[in-house]
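Listed here are the chains, written in short residue letters.
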Amino acid sequence: MEKTTTQLSTPWEKYRAEFPICQRKTYFNTCSLGALSTRVASAVRQFTELWDVSGAAAWYGPWLAEIERLRERFAALIGAWPDEIAIFPSVTTALTAVASAFDYRARPRVVISDLEFPTTVYQWLVKEPGGVTLEMIHSPDRLTIPVDEYARAADAHTQLLVASHVYFTSGVIQDIAAVARVAHQHGAHCLIDAYQSIGQLPADVHVAGVDFLITGGLKWLLGGPGVAYLYVRRDLAAQLRPTDVGWFAHRDQFAFDIQRFTYADGARRFEGGTPSVAAVYAGRAGIDIVAELGVSRIRAHQIELVSAVVDEARRLRPAHTEELAGIVTIPREDPKAVVAALSQRGIIVDARPGLVRLSPYFYNTPEECAGVVAAIAELEKQGIT
Ligand SMILES: Cc1ncc(COP(=O)(O)O)c(C=O)c1O
């Protein structure tokens with residue numbers, strides 16, 4: 001039974017109370033979709049109220065201001081400058097803009113791994129007939145990619161190295177600074193898919209030296225679908241001319257000049273059309289929660305929660321020593337059957353081929369960590385594996 005507001009003692013309990021689903025379910029699926037908070041719900045209500053009260057005037061006043069506020073809040077979270085951030089409705093649209101900025105003739109090679117999320121691979125897979133050579137590195141253990149493999153694959157014809165910060169099927173953390181160093185040794189760029197890291201794992205893009213980083217609202221940033229973020233290093237953005245752009249990428253978008261396209265300064269030159277403003281409101285409220293708690297504090301708590309899952313799950317999964325972010329996978333013969341059986345018990349997890357994924361976040365408790373694994377072990381006894 002949940003405690004009443006006056007009985008809540010730790011900050012974790014207080015923040016947990018902002019996520020109503022935690023009172024009804026054991027929610028262990030942040031790596032698919034972060035739980036909805038009352039704060040995010042009320043930010044979306046604020047968006048519709050402004051629309052209702054002001055009509056189109058909402059655009060030029062509070063909505064555009066909210067987009068800039070979001071850019072600032074996200075930049076602060078990853079140690080960037082606000083002008084290094086572009087806002088998109090999905091990671092795919094951000095990738096399309098990035099991919100359109102390169103001249104592949106002298107450097108056709110894009111080095112990527114077989115642990116990346118499909119949308120990141122597809123972006124360059126479909127460009128192979130157009131002159132891109134996709135170099136796929138294979139993970140030796142399905143958990144991570146040794147940075148040496150990137151070093152072996154990169155050469156003077158490499159345009160881009162693509163790597164996840166946290167792998168979506170294993171939770172293992174990649175050394176993105178090392179990937180960036182390899183790229184730069186060959187005069188190439190690196191792009192980091194940080195969808196599974198930002199929010200739960202501290203990141204400083206300037207210290208890491210990465211060129212591009214993408215993430216979005218769906219998961220650890222608690223903003224839901226419809227908002228994604230692209231970081232482009234300031235000096236690099238100044239040199240690039242993306243060809244997939246919209247009017248938000250123009251230096252003076254409200255001049256409506258159709259004779260000439262003048263690129264905006266900074267990462268904004270990668271942007272497209274009208275952003276999903278409802279998602280911008282949700283995205284900002286989600287980031288506010290993460291920033292208030294502090295990513296370092298969240299990470300320290302995540303280590304406790306992940307350790308509680310791993311300790312409990314020793315019998316069910318191979319032990320490996322790599323540092324894990326908040327995703328723990330358990331190999332199962334029929335993961336979808338396990339997910340469905342757990343759902344009937346009020347436990348929400350998800351499946352990937354051959355795996356059940358458990359992803360605790362700060363709104364979960366150590367007791368829930370133990371309970372989820374115990375439920376999977378119980379199902380195994382019943383033959384649901
Ligand atoms: C690592 C990773 N990249 C990208 C995505 C999604 O990209 P998009 O915003 O294009 O749907 C996800 C999850 O949905 C993901 O886990």
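Residues numbered from 1 in each chain as written. Predicted model: local features only at pLDDT ≥ 70, side-chain atom pairs only at ≥ 80, totals over all residues. Heavy atoms only, no water.

For the protein, an unreviewed UniProt entry supplies the name Aminotransferase class V-fold PLP-dependent enzyme and the organism Candidatus Segetimicrobium genomatis.

As a further point, take the overall build of the protein. Helix and strand counts for the protein stand at 14 helices and twelve strands. Radius of gyration (C-alpha) of the protein: 22 Å, near the 21 Å computed for a compact globule of 385 residues. In terms of overall dimensions, the protein has a C-alpha envelope of 70 × 55 × 35 Å along the principal axes. Counting only contacts in the protein whose residues sit at least 6 apart along the sequence, the fraction spanning at least 24 positions is 70%. In the form shown here, the protein has an accessible surface area of approximately 16,300 Å², with 56% of it arising from carbon and sulfur atoms. (Helix = DSSP H or I, 4+ residues; strand = E, 2+ residues; numbered from the N terminus. Rg over C-alpha atoms; globule rule 2.2 N^0.38 Å. Contact = heavy atoms within 4.5 Å. Areas by Shrake-Rupley, 256 points an atom, 1.4 Å probe, with all protein chains shown as cover.)

On to the site of the ligand. Contacts to the ligand come from Ser90, Val91, Thr92, Phe117, Thr119, Asp193, Tyr195, Gln196, Leu218 and Lys219. At 2.9 Å, a backbone N or O of valine 91 approaches an oxygen atom of the ligand. At 2.5 Å, a side-chain N or O of threonine 92 approaches an oxygen atom of the ligand. Contact with the protein chains covers 85% of the free accessible surface of the ligand, which is 400 Å². Counted by class, the shell around the ligand contains four nonpolar, four polar and two charged residues. (Near = heavy atom within 4 Å. Polar contact = N/O pair within 3.5 Å; in protein donor to acceptor, adjacent residues only side chain to side chain. Nonpolar A, V, L, I, M, F, W, Y, C, P; charged D, E, K, R; others polar.)

Here the protein is described as being made up of domain 1 (5–30 + 295–381) and domain 2 (45–290). Each of domain 1 and domain 2 has a C-alpha centre, and these two points are 28 Å apart. The interface of domain 1 with domain 2 comprises 25 residues on the first partner and 22 residues on the second. Where domain 1 touches domain 2, the interface holds seven residue pairs in polar contact (both at pLDDT 80 or more). (Domains from an automatic or database assignment.)

To continue, consider the side chain of aspartate 288. Here aspartate 288 shows up in helix α11 (residues 277–293). For aspartate 288, a relative accessible area of 16% translates into the label buried. Ignoring anything within four residues of it in the chain, the contact list for aspartate 288 reads Arg39 and Arg73. (Buried < 20%, exposed > 50% of the residue type's maximum accessible area, 1.4 Å probe, protein only.)

Side chains on a regular strand alternate between the two faces of the sheet. Burial analysis of strand β5 (residues 158–164) places seven of its seven residues in the buried class, the great majority of the element. Two elements, strand β3 (residues 109–113) and β5, share three bridges in a ladder whose sense is parallel. Residue pairing across strands places valine 111 opposite leucine 161, the latter belonging to β5. Summarising the sheet, β5 and strand β6 (residues 189–193) pair through five bridges and their orientation is parallel. Directly across from leucine 160, in β6, lies its bridge partner histidine 189. (Pairing = 2+ DSSP bridges.)

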